[in-house]
Structures are given as structure tokens and as C-alpha cells.
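# Survey of secondary and tertiary structure
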Amino acid sequence: MRKNIIAGNWKMNMDYTTGIGLFSEIVNMVNDEVMGDQQVIVCPPYIHLNGMAQLAKSQNNISVGAQNCHQADKGAYTGEISAEMIQSVGVKYVILGHSERRQYFNESNTLLAEKVNSALKNNLKPIFCIGETLDQRNSNSHFEIIKNQLQEALYHLLETEFQNIILAYEPVWAIGTGLTATPDQAQEVHAFIRKEIEEKFGQSAAENVSILYGGSCNPTNASELFAKADIDGGLIGGASLKSRDFLDIIKAFNRG
Ligand code: PGA
């Protein structure tokens, strides 16, 4: 059965000391307060990965993820960091395809397919983000856009490779805007994604893939979203920077 997952995306926030402090606090709070079997993944900027992976080492339900990786293992790519390097410090996950990377760094589905390959080759599980812009939703092309993102970035995988993918549906219009998709809107898209996965990779892959919702998820709206049949958790931006809010979102998961 698929896992319930809450992932925090810190984006470009937190200096080193503050970030390590926040993560230590989250680890303690999860140990004290979380009774279910939710998996917690925290994705900080690169500089925190090593220190946080050390802190997460002895934790069953808490892991660390990167927010990006380069598609090559090594080479003359000044300023870049590879999946091979990320896994070498004990990190298990990497966010790929976030809409901010697509928008500000021109990451195409084709490039993302290469990054997915590199992550999988280096034993990192991708948290792969898909989702439509407001214009695309208003013109009712969101299902087509999402299908296209899946096809171009993930459909070259074998079913055994796809088993290592976590999906995150993040409507671009809901990210950092305070505009959350309604639970029904999100469920409709999540069910569509699962159906697409079933058609491509089969029933077992579809039943086992965790599909997270992301976009202005907070302690107030989380439980209603997570109660939906095809919503298996959340990818949390702003609210993951505050330990109390993040914990309350983790605890909003009652299917545990
Ligand atoms: P948000 O960000 O929760 O701040 O809307 C979500 C994300 O970008 O993953």
C-alpha cells in the first residue's frame, strides 16, 4: 500500500544555523507527537543537506531531500550539484520539476527526464512535481498539460523504476498565493493522475504511487485535503518553515 508523506520544501530560506535548529526541533516534535506512520521528508537548500542527513540517520520516519540536482554525475558545470554528490551525504530524495524551476530556470520536461534518470541511477527517489498555471486551468487545458508533463518526463521509465517516484500535484496558481485548490478540485486531478498512471504502468503501480498535494497547504486546510481518497499527503512550502505549523500539518493526517 502507498505511503502517507508530508514533505517540506524550504526553497531558498534559512541560514545554516537557523536551518539546523529548525530541523532539530522538527525531529524532536515528530518523535514526541506523531503517532501514525506518516513519512516526513524535509528538503532544505544544499548547504544543509549533510548536517541534516546526519541528524536524520537514526530516525525511521524522517528523511532529508534536495530541491534539485544536475543531470550529469560530474564535470565542468560550475555551480551545479549532482545526484551522485547528494546521495553521498546520505540523502534519499530529490524534488524535481518544481514549477519555480520550470519557470525561472527554464527546466523542460525533456531536461527533467534526464534529471529523473540521474536521480534514480544514484538511488535518490524523485518527488516529481506537475501542475497547471492559472491560464491553463481557465482554458480547461489542465488535464492535457498534466498528462503531457507525465508523458514527457516519466513515461520512458520501466515500471520497476517508476516504483521509486513520488508525485506531487502543485497547481501553479496555488503556490505561495494563499489560494488553495479546494479538496474536490485537488481530488479530481489526483484521481485523473492515478488513472493515467494505471493506463501506463498498470494497476499495482497506480495503487502504490503516493500523490502529494502542494500549494498553500496549511494547518487549517490540510485535514480536509488529506481526507480525500487519492491525496496521500502534501508538499509544503511556506508552512514548513514554522515547526508548529509543519507539525500540525503532519498530524492532520489521520489515515496513518
Ligand atoms: P506553498 O509552496 O506551500 O508555500 O504554497 C508549495 C511548494 O512550492 O511546494
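Small disclaimer: the values here were computed from a predicted structure and weren't measured. (Residues numbered from 1 in each chain as written. Predicted model: local features only at pLDDT ≥ 70, side-chain atom pairs only at ≥ 80, totals over all residues. Heavy atoms only, no water.)

## A word on the overall build of the chain
Regarding its fold elements, the chain presents twelve helices and eight strands. Relative to the 2.2 N^0.38 estimate, which gives 18 Å for 256 residues, the radius of gyration of the chain is 17 Å and therefore close to what a compact globule would have. When its C-alpha atoms are laid out on the principal axes, the chain stretches across 45 × 45 × 35 Å. By the burial criterion, 54% of the 256 residues in the chain qualify as buried. Sequence-distant contacts in the chain: of pairs separated by 6 or more residues, those separated by 24 or more amount to 72%. Accessible surface, the chain as shown: approximately 11,300 Å² in total, 49% of it carbon and sulfur. (Helix = DSSP H or I, 4+ residues; strand = E, 2+ residues; numbered from the N terminus. Rg over C-alpha atoms; globule rule 2.2 N^0.38 Å. Buried < 20%, exposed > 50% of the residue type's maximum accessible area, 1.4 Å probe, protein only. Contact = heavy atoms within 4.5 Å. Areas by Shrake-Rupley, 256 points an atom, 1.4 Å probe, with all protein chains shown as cover.)

## Details of the site of the ligand
Every one of the 13 residues lining the ligand counts as a neighbour, but Lys11, His98, Glu170, Gly176 and Ser216 are closest to it. For the ligand, an oxygen atom lies 2.7 Å from a polar atom in the side chain of Glu170. One of the backbone nitrogen or oxygen atoms of Gly176 is found 2.6 Å away from an oxygen atom of the ligand. The fraction of the free accessible surface of the ligand (280 Å²) that becomes covered by protein chains is 94%. A per-class count over the shell around the ligand returns four nonpolar, seven polar and two charged. (Near = heavy atom within 4 Å. Polar contact = N/O pair within 3.5 Å; in protein donor to acceptor, adjacent residues only side chain to side chain. Nonpolar A, V, L, I, M, F, W, Y, C, P; charged D, E, K, R; others polar.)

## A word on the packing of aromatic side chains
Here a ring pair, both rings aromatic, is described through the centre-centre distance and the interplanar angle of the planes. The final tally for this structure, using the stated rule, is five aromatic pairs. Seen in terms of ring centroids, Tyr155 and Phe201 are 5.6 Å apart; in terms of plane orientation they differ by 90 degrees. Their pairing is edge-to-face. With Tyr155 in the loop between α7 (142-154) and α8 (159-162) and Phe201 in helix α9 (residues 183-201), the pair connects residues that are 46 residues apart, well separated along the chain. Among the residues examined, Phe201 registers a relative accessible area of 7% and is labelled buried. Among the aromatic side chains, those forming a connected cluster through ring pairs are Tyr155, Phe162 and Phe201. The lysine or arginine in question, Arg101, covers the ring of Phe105, its NZ or CZ lying 4.0 Å from the ring centre. Taking NZ or CZ as reference, Lys200 lies 5.8 Å from the ring centre of Phe201, over its face. (Phe/Tyr/Trp six-rings, centres within 6.5 Å; stacked < 30°, edge-to-face > 60°. Lys NZ or Arg CZ within 6 Å of the ring centre and 35° of its normal.)

## Observations concerning the packing of helix α5 (residues 109-121) against α7
Remark: α5 packs on α7, axes separated minimally by 7 Å, with the N-to-C direction vectors making an angle of 50 degrees. Overall, the two elements α5 and α7 adopt an arrangement that is oblique. The crossing of α5 and α7 is right-handed. Mapping the contact onto sequence places Asn109, Leu112, Ala113 and Val116 in α5 and Asn148, Gln149, Glu152, Ala153 and Leu154 in α7. Grouping the amino acids of the contact of α5 with α7 by side-chain chemistry returns five nonpolar, three polar and one charged. (Axes fitted to C-alpha atoms, helices over the stretch in contact; angles between N-to-C directions. Parallel < 35°, antiparallel > 145°, perpendicular 65-115°, else oblique. Left-handed = near helix turned anticlockwise from the far one by under 90°.)

## Re the sheet that holds strand β6 (residues 166-169)
The strand order around the closed barrel built from eight strands is β1-β2-β3-β4-β5-β6-β7-β8, with neighbouring strands paired in parallel fashion. Strand-to-strand twist of the sheet, defined as the mean angle between neighbouring strand axes without regard to direction, takes the value 25 degrees. Relative to strand β8 (residues 233-236), strand β7 (residues 211-214) runs parallel, the two sharing two bridges. Note on β8: the bridge partner recorded for Tyr213 is Gly234. In the packing of helix α1 (residues 16-33) onto the sheet, contacts are made with β2 (39-43) and β3 (62-66), and the angle to β3 comes to roughly 145 degrees. (Pairing = 2+ DSSP bridges.)

## Considerations on the layout of surface pockets
When its volume is computed, the largest pocket comes out at roughly 350 Å³. Along its surface, the largest pocket is lined by 14 residues, and Lys11, Met12, Gln67, Asn68 and Arg101 are the ones closest to its centre. Each residue belonging to the lining of the largest pocket can be placed in one class, and the counts come to seven nonpolar, four polar and three charged. For the lining of the second largest pocket, the residue count by class is eight nonpolar, four polar and three charged. (1 Å grid on protein atoms, 1.4 Å probe; cavity = no way out; pocket = protein on both sides within 12 Å on 5 of 7 lines; lining within 4 Å. Points joined across faces, edges and corners; volume = space filled by probe spheres on them.)

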